[in-house]
Structures are given as C-alpha cells and as structure tokens.
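# Breakdown of the fold
Residues per chain are reported as follows:
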Amino acid sequence: MPDQTHGSGAGSASTWEKGRARRRALALARPYLYILPTFFFLFVFTHWPILRTFYVSFFKWNMASPRMEFVGFANYAQARSAPLFWEVLRNNIVFAIGTVPLTLALALALALLINQKLRGLAIYRALLFYPTMIPMAAAAMIWLWILTPNYGLLNFYGKWLGLPDIHWLGHSKLALWALVLVGVWKRVGYYMVIYLAGLQVIPDYLHEAAIIEGANPWQRFWRVTFPLLSPTTFFVGLMAVIDSFQAIDQVYLMTGGGPGNATNLFIFYIYQNAFRFFDMGYGSAVSAILFLILLGLTVLAFRTLHRRVHYAA
Amino acid sequence: MPRSRPLWRLAAHAILFVAALVMVVPLVWIVLTAFKERNEVFSLVPQWLPAHPTFNNFLGVLDAMPFWRYYWNTLVVAFGILAVQLVTITLAAYAFARMEFPGRDALFILLLVQLMIAPQSTVIQNYLTVTSLGLLDTKLAIMAPYLASAFGTFLLRQTFKGIPRELEEAAALDGCGGFRFLFHVAIPLALPGYLAFGLVSLTYHWNEFFWPLVVTETTNARTLTLGLGIFAQTAEGSADWTMLMAMTLMVIAVPLVLFLVFQKRFINSFMQSGLGG
C-alpha cells in the first residue's frame, strides 16, 4: 500500500489519527470485501443447500402444505425398502460402467492418433469435438430420430446388415445401452482433448530414450505414455463417473425413465419424487445418499491417487 | 513425438477418418432432414438428399412457438451469468492470489467445495430457495446458482499468482497500486484466462437444460433448450421429425458456426477447464 501524506494543518492531529485507524481497518477488511460477493452466492447456493438437504431429509414434507413432520430416518428406511431405489442405483452403476471405460479408452486412443503430426488434423479434431459444444437436449433429439423404429437411420443400416427392426428405446434391455451410446458420442471428444493436454506435457526425450533402448511402439505406450498419463486418467475417470451420476437431460427427453423404470437414473428419480410427487423429504434423502456416494468416490479416488500415482503432471 | 512411418500414418488416417465419420453422420443427417418435406422421411429406404428442399420447417418452428423469445432469454441468461461472474471471480481470485489474510486457506477449501459437489444433488434446495425469494419463473432464478464460480476463481488465481512481486512494487512506486494495479496490470495480463473461462461458461449455460426446467413454468423465462425439449413432447413436435430437426438445427447453429471458426480457441479453453476442474 502506498503511504499517502495527510493532515498537514496544526489542529488536525486527532482527525489524522482517526483517518489512519480507518485506513488500517480498511486494509484489514479489504481481502474479505474482495471475496464477499463470491462467498455470498456460494453460501446461499452451494453450502446452505448441502446442509439443508440433510436437514430436510429427516422430515416428511409434502410441498402442498407448509407442515413439516419430523420422522427421523424414515425417509432413508423408505429408500432401503423400495425396490425402485435399488433398481435406480443399479441402472446408474450399469450406466457408469457402460459409459466411463469405453469413453476413456476411445478418448485416449483418439488422442494418441491426433497427437501425431498428421495432415488434416484440425478437421479431425473439430469433427470429434463438436458434440461437446451442442446441448445434450439437441443431442437427445438427434439420437431420438436416428434410433426411431422403422424410419430411423440406425434401423435402415441395421436391416442392411441383416439385423431385425429394433425399437431401441422401447426395449427394456436395450434402452439403457442406447443412452450409453449417446453419452459416449457426446463426451468422447471432450475427454480426448483433456488427454491431448496430458500428452503434450510428456517430454519428447522420454520417447527418444525408449526408442534408443529398442522399445517398440506398444511397449512405449504401456511403459512410458500410459504411466505418465495416470494423473490425467485419474481425474478424467473421476469426472466421468460423477458426470454419469448426474445424467438427466437424455433420460428426461429420450425415455422418461422407461420402459418401466429401465432407464430411471438417480437425478431423474429425485426429480420425480420432488417435483412430480412433491415429496421433498424423500427427494432430499435420496439427494443426500447421492451426495454421500459421490463424496465417498471422490475421497476414495484421492486416497488411491496418493498411493498409486507417482508422477506429478 | 518422433516422426512415424508412412504405413502407420496411413492407418492413423484411416481410423481417424472412420471415427470422424461416425461422429459427424448424425449432424449431417439432421441437417438434411431439416430441409425435407414432412412426409418424405417416412420412407423405408434411406433418402439422404431432400427431394424438394424446403424452408417450411424453419418457418413452421417460428409459428409453433415464441422462438425469438427463447433466443433472447438464452442470450440474457448466458451473458448475464458471465457478466456477474467476471466481477465475482476477479475480486476473489485477486484476494486469494495476492493478499495475506487470516483464514485464507480454509476459505479457499470452502470455495473448492463447489467444484467437488455434483450441482444436481442440490437442485431441490435451490428450487426452494429461489421460490422463497419470489424468483420462480424468472431469468434471475436460472442465473442465481452460477453467479459465483470456483472454477473461474481457481483459473484466474493461477494467472494472478504468476505476476512477479517486483512488477507490483514497481507499479506501486509509480502510483499504480491497489485497484489501479488490478485494472491496469493484472487484468490485462490475465486476458487469455478470461477468454477461456468465458467460452466455457457461455457454452455451459447456453446448453443447460435441467435447472431451467425446474425453475421455469411459462415461456416468460424459458431458454432454447427448454423450448426444444417441450416442443418435442407436444403432439405436434413428436409427430413431425422434419420440424423437430429444423428446430434442433436452429438451436445449435450459431454456437456451432462460432466453434468451427474459432476452433482452436474453443478447444484450448475446454482443455484448461479439464486441468482446472
């Protein structure tokens, strides 16, 4: 802080003191004033809702009436004994297992190819990345049309390959995999770009050293590239899993959770309970469970990171 | 990367070409569908090119819904969020990067909580909050949860930290301290960071669907993605693929063209979002 000169008049010694005290108080308060706007919104829309989710989860509360009745763990017990809750959980785990490893493997493979100095690279990159730019709502519409029975593009060419006419989204076993397909298509380009960033910080001399040692490309990938990418894989994997537990747009727009509840995922289940059945207590309890699952995954992943990943990016 | 052999390069081209084709065929298919006549799509063999190209589907969309109102709402929401974020993240990032104060590290962890939690898991409580604030069915309700950004603060803090102390001291000697240093030195140096954050933020909020769905009830505040989703679930929209694809195209056209023109900028921005988050 630049020191400015104040109060040159003879009778202003006390005002000079007061001014100095005020300036010192201001200097102390300044950082807090700077972060105040951020923390105001953060508290109202991030911290407070987390606390309140747990609080409301102990009440029976129908939005229609203002009366909240304390019921202890009854909402959690209700989830435990509801077959649908377990079906939703299982659906979401299948969705994550279907989406995440496939997306990551494809993303890494594409990133390795793109990282060569090939001609037309910018075009490939743009065509692989553009689904990241469009809304999931638009992607859902595109795939609804492609997957539609009889006239859909997929069925045209499926028939051409000798497959029967399949109503993908109406089939209780296939509908979830149709959502997996959309999820992979939408996200693979994004994760490819993140992998590209990881690849670009691997120094060239490591590859050159491996070549001198006589390592073939396959060995170079598994012994040099892949281990050095492990922090990236770790973060990308965690992000992708959390992402798959947040999937809602495609469920809402493509299947409505159906057929039956075959594609009902966590957020859609919360949405149904809170905004269709107005059961805020139960919706909050399921939100709290989801919150704890994701928190648990994050903590677990970070502990693994400390043990397994020895390379700082 | 060392230069690779010609055969390998050819294989790489082949794989990338197929992958790019798989990614882009859906887009080509909807663009072509959008120009077809309504009944043309109900054919049992694929007709790629429209037999009689028509703009009627696009005009039909404008008749069927307040499309421009949705467009305006989307612009206000996306740019409104960004405008407020730029103020909040600049101040917070500057404080966290260049000031010492008690509780700083603990507060920074409280900030990072926003990056670690899944925003969808707090939707019910945020709905209750905007309801009790009387904001339901307004554009402000859609914007409210995003006005502070841990990601943006984190990104800028890195840049601000990189400015050398000597530069700040020299600027202070020249009478350019405090706020003036922030405006005349720190912010201009951080422009690439602002650009990256801005592109990611705009894309995210242009595309968002679920939160706006929860807090809107009428066309008053609804955004494009909602207009699209709601139209798809009406009898008219769900029966008419050509019009639905025309609307999809109208929703994605401008961001997609901007992306193709400024491809590198967009991709670099999203790269940084991965590193920051």
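Source: prediction; values computed, not measured.

Bringing the overall build of chain B into the picture now. Scanning chain B for helices and strands turns up 15 helices and 0 strands. The C-alpha atoms of chain B give a radius of gyration of 24 Å, which is well past the 19 Å a tight globule of 277 residues would have. On the principal axes, the C-alpha backbone points of chain B span a range of 75 × 65 × 35 Å. The buried share of chain B, taken over its 277 residues, is 42%. If you take every contact in chain B between residues at least 6 apart in sequence, the share linking residues at least 24 apart comes to 75%.

Further remarks concern the packing of helix α4 (residues 121-133) of chain A against helix α14 (residues 241-261) of chain B. Relative orientation of the contacting elements α4 of chain A and α14 of chain B amounts to 145 degrees, with a least axis distance of 10 Å. The hand of the α4 of chain A/α14 of chain B crossing is right-handed. For the pair α4 of chain A and α14 of chain B, contact is made by Ala126, Tyr130 and Met133 of chain A and by Pro255, Leu256, Phe259 and Leu260 of chain B, respectively. Among the residues forming the contact of α4 of chain A with α14 of chain B, the class breakdown is 7 nonpolar, no polar and no charged.

Next up on the list: the nonpolar core. All names here are of chain A. The biggest cluster of nonpolar side chains holds 161 residues, and the ones touching the most others in it are Ala140, Tyr191 and Met192. Element by element, the count of residues in this core is highest for helix α7 (residues 175-200), at 14 residues. Non-local contacts of Met192, meaning those with residues more than four positions away in its chain, are made with Ala107, Leu110, Ala111, Ile114 and Leu128.

Residue and element names in this part refer to chain A. Its domain assignment divides chain A into domain 1 (10-56) and domain 2 (74-308). Here domain 1 and domain 2 have C-alpha centroids that lie 42 Å from each other. Each partner contributes residues to the interface: domain 1 has 4 residues there, and domain 2 has 6 residues. Here the residues of the side of domain 1 that touches domain 2 are counted per class, giving 3 nonpolar, 1 polar and no charged.

In this section: the packing of helix α5 (residues 136-147) of chain A against helix α12 (residues 224-232) of chain B. The interhelical angle for the contact between α5 of chain A and α12 of chain B, taken along N-to-C directions, is 30 degrees, at an axis separation of 9 Å. In terms of their interaxial angle, α5 of chain A and α12 of chain B are classed as roughly parallel. Handedness of the α5 of chain A/α12 of chain B crossing: left-handed. Contacts between α5 of chain A and α12 of chain B involve Ala137, Ala138 and Met141 of chain A from the first element and Thr225, Leu228, Gly229 and Ala232 of chain B from the second. Broken down by class, the residue content of the contact of α5 of chain A with α12 of chain B amounts to 5 nonpolar, 2 polar and no charged.

Take the environment of Thr15 of chain A next. Residue and element names in this part refer to chain A. One can find Thr15 in helix α1 (residues 13-56). Taking the number of C-beta atoms within 10 Å as the measure of exposure, Thr15 has 12 and is therefore exposed. With 81 residues separating them along the chain, Thr15 and Ala96 place their C-alpha atoms 67 Å apart.

Turning our attention to unusual backbone geometry. A positive phi angle, close to 55 degrees, is found at Phe278 of chain A, a residue other than glycine. In this fold, Phe278 of chain A is placed in the loop between α12 (266-276) and α13 (280-308). Not every positive phi belongs to a glycine, and Asp137 of chain B is a case in point at roughly 65 degrees. With respect to the helices and strands, the residue Asp137 of chain B is situated in the loop between α5 (123-132) and α6 (139-143). For Asp137 of chain B, a count of 16 C-beta atoms within 10 Å corresponds to the partly exposed category.

The subject of this paragraph is the domain arrangement of chain B. In terms of domains, chain B is made up of domain 1 (6-59) and domain 2 (65-233). Centre-to-centre, using C-alpha coordinates, domain 1 of chain B lies 37 Å away from domain 2 of chain B.

Rules behind the numbers
- Residues numbered from 1 in each chain as written.
- Chains lettered and ligands numbered in written order.
- Predicted model: local features only at pLDDT ≥ 70, side-chain atom pairs only at ≥ 80, totals over all residues.
- Helix = DSSP H or I, 4+ residues; strand = E, 2+ residues; numbered from the N terminus.
- Rg over C-alpha atoms; globule rule 2.2 N^0.38 Å.
- Buried ≥ 20, exposed ≤ 12 C-beta atoms within 10 Å, placed from the backbone.
- Contact = placed C-beta atoms within 7 Å.
- Axes fitted to C-alpha atoms, helices over the stretch in contact; angles between N-to-C directions.
- Left-handed = near helix turned anticlockwise from the far one by under 90°.
- Nonpolar A, V, L, I, M, F, W, Y, C, P; charged D, E, K, R; others polar.
- Core = buried A, V, L, I, M, F, W, Y, C linked by C-beta atoms within 7 Å.
- Domains from an automatic or database assignment.
- Parallel < 35°, antiparallel > 145°, perpendicular 65-115°, else oblique.

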